Amino acid sequence: MATSKSYDYIIVGGGSAGCVLANRLSADPSVRVLLLEAGGSDWHPLFRMPAGFAKMTKGVASWGWSTVPQKHLNGRVVWYTQAKIVGGGSTINAQLYTRGNAKDYDAWASDAGCAGWSYKDVLPYFKRSEDNQRYVNAYHSYGGPLGVSYPVNPLPISHAFIRAAQEAGIPFNDDFNGAVQDGIGHYQLSTRNAERSSAASAFLKPAMARKNLTVRLNAQTLRLEIERGRATGVVVASGDGLETIKADREVIVTCGAIGSPRLLQLSGVGPADVLKSAGVEVKHDLPGVGSNLQDHLDLYAISECTGDYTYDRVAQFHRTVWAGAQYLMFKTGPVSSTLFETGGFWYADKNARSPDIQFHLGLGSGIEAGVAHMKNPGVTLNSAFLRPKSRGTVRLASADPKAAPLIDPNYWAEPYDRECALKGLRWAREILRQPALKPYVLAERLPGDNLTTDRDLLEYAYRSCKTDHHPAGTCAMGTGPDAVLSPDLKVRGIDGLRVADASAMPFVPSCNTNAPTMMVAEKAADLILRKSPLGWTSLSS
Ligand SMILES: Cc1cc2nc3c(=O)[nH]c(=O)nc-3n(C[C@H](O)[C@H](O)[C@H](O)COP(=O)(O)OP(=O)(O)OC[C@H]3O[C@@H](n4cnc5c(N)ncnc54)[C@H](O)[C@@H]3O)c2cc1C
């Protein structure tokens, strides 16, 4: 096995967090940074087009994993898209830009003991990333690397949906990332000039010319080198064969909420019994690695439209050609839509501390893998319960780094999660039945008007539920006995090693998880470079 040159920092995993870190760390010209990504390049135009998302949950640029049979979902195996491409999830996601609720981060600080991660502490890091098209105020900023915009040309049915939700009793909100999260409206999107703003395009590409940054794609890290309690480097498989690369200062793991605990376990860091049964030599018994998996499970209603009001018919050849031309010439039309650009946050549990369900209006049917496609144009309304009490695991199936991990979100292990999810589904159906949508919506096709009891809906949910692709928490920071990381993201018991991605979150935030993951990486960069925390501007200013 060859030993290559060494770097100060090796970042393993070039996804949402890894690209942010590669940019921020290499901004210091005195440090040498290596970014390793198992997936390939994002050169294909589909990754730049907002509507390219329609292809992204169907196996493109992903690891091809599924969950283990879900005990509390009648044994369902859930298809589980995880990105394998530079930019990671941010290159294949639906581009919804949401931050969650201030109370999410306050709970990281108060309930998980993560000093320095309250809302007041993290808001400046959200703002540092941001190049907001519309807002500059206490919550928003412009001039950062990440484009944040409103939908280019929302369809009339989206506006009708916003009115329908108000008829159902949910107020309008034009900024879920501002003072109030509650309500319905258009989402902000991680797009700029009608193109996806991924971590790769926003953070990595502008840094590529730096001499102190090396980026290697199609390079899977098989394990971390750990010597006498310190991470000294990585073992990588690439087209050049196997090699060991040394890190003089730190290895930073950003392989995502499934990939990071997987890599730690492959390196002998994790629960000793799990490692032994997978045939991995135990380097450090750390029981929390791969536990605490949290995810948002999605249920949906699909209605048939009274006419051609969504993008379902764009797949017809002549319309595809016109849509392509419209996009190329004017940057408008169906291709400029992320297909999920409207929705909001509301309550399944009336006593919840902040909204606990999220809606995504899908401008068609069958947009995501496994979701039914209607013969006539349809419209989809997803609802996801946001603060599950259930906790799952990520475990090795074997010591083979090529083997898929055992992903067990353990959905609905807690009956409360199921109850709230079904209430969310009922809200979705209710909104689709409001007068404002009558000109657009002919009839509910899924679950179908004839399914009304909780039992009916449960059976429907078992058949149709899907992940919202928000795994988090599997190398959680905190101060409790199961915390894997200290609040400065260092792996407990191993020197020179941090984890800084969605797996570091102690609780999944009440939203889509890309912006929160980038925030974690922004703050990680300052922790690693020992910069003082960014200051907080008073919210009343
Ligand atoms: C289909 C889909 C839709 C989504 N929609 C939205 C949305 O609309 N809005 C939103 O906010 N969030 C969305 N999310 C979630 C969001 O994108 C993720 O939370 C976020 O990308 C997680 O970032 P991460 O850095 O933790 O992991 P990732 O972005 O997944 O990055 C991990 C990277 O590490 C690489 N890697 C893994 N193991 C190794 C290894 N051993 N060696 C080298 N490289 C490795 C992977 O290939 C990957 O590129 C979506 C996610 C998916 C998958």
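Cut-offs used in this document
Residues numbered from 1 in each chain as written. Predicted model: local features only at pLDDT ≥ 70, side-chain atom pairs only at ≥ 80, totals over all residues. Heavy atoms only, no water. Helix = DSSP H or I, 4+ residues; strand = E, 2+ residues; numbered from the N terminus. Rg over C-alpha atoms; globule rule 2.2 N^0.38 Å. Buried < 20%, exposed > 50% of the residue type's maximum accessible area, 1.4 Å probe, protein only. Areas by Shrake-Rupley, 256 points an atom, 1.4 Å probe, with all protein chains shown as cover. Lys, Arg positive; Asp, Glu negative; His and termini not counted. Charge placed at Lys NZ, Arg CZ, Asp CG, Glu CD. Contact = heavy atoms within 4.5 Å. Phe/Tyr/Trp six-rings, centres within 6.5 Å; stacked < 30°, edge-to-face > 60°. Lys NZ or Arg CZ within 6 Å of the ring centre and 35° of its normal. Patch = residues over 30% accessible without salt bridge, like charges linked within 9 Å, V, L, I, M, F, W, Y side chains within 5 Å. Salt bridge = Lys/Arg side-chain N within 4 Å of Asp/Glu carboxyl O. Near = heavy atom within 4 Å. Polar contact = N/O pair within 3.5 Å; in protein donor to acceptor, adjacent residues only side chain to side chain. Nonpolar A, V, L, I, M, F, W, Y, C, P; charged D, E, K, R; others polar. Pairing = 2+ DSSP bridges. Core = buried A, V, L, I, M, F, W, Y, C linked by side-chain atoms within 4.5 Å. Axes fitted to C-alpha atoms, helices over the stretch in contact; angles between N-to-C directions. Parallel < 35°, antiparallel > 145°, perpendicular 65-115°, else oblique.

A. Main features of the overall build of the chain. When helices and strands are tallied, the chain shows 13 helices and 27 strands. Relative to the 2.2 N^0.38 estimate, which gives 24 Å for 541 residues, the radius of gyration of the chain is 22 Å and therefore close to what a compact globule would have. Its C-alpha atoms give the chain principal-axis dimensions of about 70 × 50 × 50 Å. Counting the 541 residues in the chain, one finds 63% classified as buried. Of the roughly 19700 Å² of accessible surface on the chain, 53% is carried by carbon and sulfur atoms. Here the chain contributes 57 positive and 51 negative side-chain charges, whose respective centroids are spaced 3 Å apart.

B. Spatial organisation of the environment of Pro151. Looking at the secondary structure, you find Pro151 in the loop between β8 (146-148) and α6 (156-167). Discounting residues that sit within four places of it in the chain, Pro151 has contacts with His186, Tyr187, Leu189 and Glu341.

C. Geometry of the packing of aromatic side chains. Here the structure, examined in full by the defined rule, presents 15 aromatic pairs. When the ring of Tyr105 is compared with that of Trp108, the centres are 5.0 Å apart and the planes differ by 65 degrees; the resulting orientation is edge-to-face. Pair noted here: Tyr105 and Trp108 are both in helix α4 (residues 102-111), with a separation of three residues, about one helical turn. Aromatic pair Phe385 and Tyr416: ring centres 5.8 Å apart, planes at 75 degrees, arrangement edge-to-face. Residue Phe385 is found in strand β22 (residues 378-385), and its partner Tyr416 is found in helix α11 (residues 415-432); the two are separated by 31 residues along the sequence. The class of Tyr416 is partly exposed, set by a relative accessible area of 25%. These aromatic residues form a ring-pair network of at least three members: Tyr105, Trp108, Trp117, Tyr119 and Phe126. Stacked on the ring of Tyr416, the Lys or Arg Lys389 has its end atom at 4.6 Å from the ring centre. The cationic tip of Lys523 hangs over the ring face of Trp117; the distance from NZ or CZ to the ring centre is 5.2 Å.

D. Structural context of a nonpolar patch on the surface. A contiguous nonpolar surface patch, about 530 Å² in accessible area, is contributed by Trp322, Leu328, Met329 and Phe330. Summarising the element assignment, Leu328 is placed in helix α10 (residues 317-330).

E. Molecular detail of helix α1 (residues 16-26). For α1, a buried count of eleven out of eleven residues is recorded, marking the element as mostly surrounded by other parts of the structure. For α1, the set of buried residues is Ser16, Ala17, Gly18, Cys19, Val20, Leu21, Ala22, Asn23, Arg24, Leu25 and Ser26.

F. Seen up close, the site of the ligand. Of all residues adjacent to the ligand, which total 37 residues, the nearest are Ser16, Glu37, Gly89, Thr513 and Asn514. Taking Ile85, its main chain carries an N or O atom lying 3.2 Å from an oxygen atom of the ligand. At 3.2 Å, a backbone N or O of Ala94 approaches an oxygen atom of the ligand. Residue assignment for the shell around the ligand shows that the elements contributing at least two residues are α1, α3 (89-92), β14 (220-227) and α13 (514-528). Here the shell around the ligand takes three residues from α3, the largest share from any one element. Tallied by class, residues from the shell around the ligand come to 14 nonpolar, 20 polar and three charged.

G. Spotlight on the pairing of strand β2 (residues 7-12). Counting buried positions over the six residues of β2 gives six, a clear majority of the element. Sheet analysis places β2 next to strand β16 (residues 241-253), joined by five bridges and oriented parallel. Bridge pairing in β16 links Val12 to Val253.

H. Highlighting the nonpolar core. One finds Phe359, Trp412 and Ile431 to be the most contacted residues of the largest nonpolar core, which totals 82 residues. At seven residues, α11 tops the list of elements feeding residues into this core. Val31, Ala112, Phe203 and Ala472 belong to the second largest nonpolar core, which has 80 residues in total.

I. Structural context of the packing of α11 against helix α12 (residues 454-464). The geometry of α11 relative to α12 is characterised by a closest axis approach of 11 Å and an angle of 95 degrees between their N-to-C directions. In this view, α11 runs roughly perpendicular relative to α12, as classed from their interaxial angle. Taken together, the residues of α12 that come into contact with α11 (itself represented by Arg418, Leu422, Leu425, Arg426 and Arg429) are Asp454, Leu457, Leu458, Tyr460 and Ala461. Residue composition of the contact of α11 with α12, by class: six nonpolar, no polar and four charged.

J. Region of interest: the environment of Ala403. You can see Ala403 is positioned in the loop between β23 (393-395) and β24 (406-408). Here Ala403 is in contact with Arg262 and Ser398, once residues within four sequence places are set aside.

K. Highlighting the pattern of salt bridges. The full count for this structure, using the stated rule, is 27 salt bridges. The salt bridge involving Arg216 is made with Glu243; its shortest N-O contact spans 2.6 Å. Linking Arg216 in strand β13 (residues 213-216) with Glu243 in strand β16, this pair joins segments that are 27 residues apart in sequence. A single burial state applies to Arg216 and to Glu243, both of which are buried. Three or more residues joined by partner-sharing salt bridges are found here, namely Asp8, Arg32, Asp248 and Arg249.

L. Representation of unusual backbone geometry. Across the junction of Leu446 and Pro447, the peptide omega takes the value 0 degrees, indicating a cis bond. For Pro447, the location among the structural elements is in the loop between β25 (441-446) and α12. Phi at Lys331 is positive, roughly 55 degrees, even though this residue is not glycine. Within the secondary structure layout, Lys331 lies in the loop between α10 and β20 (340-346).

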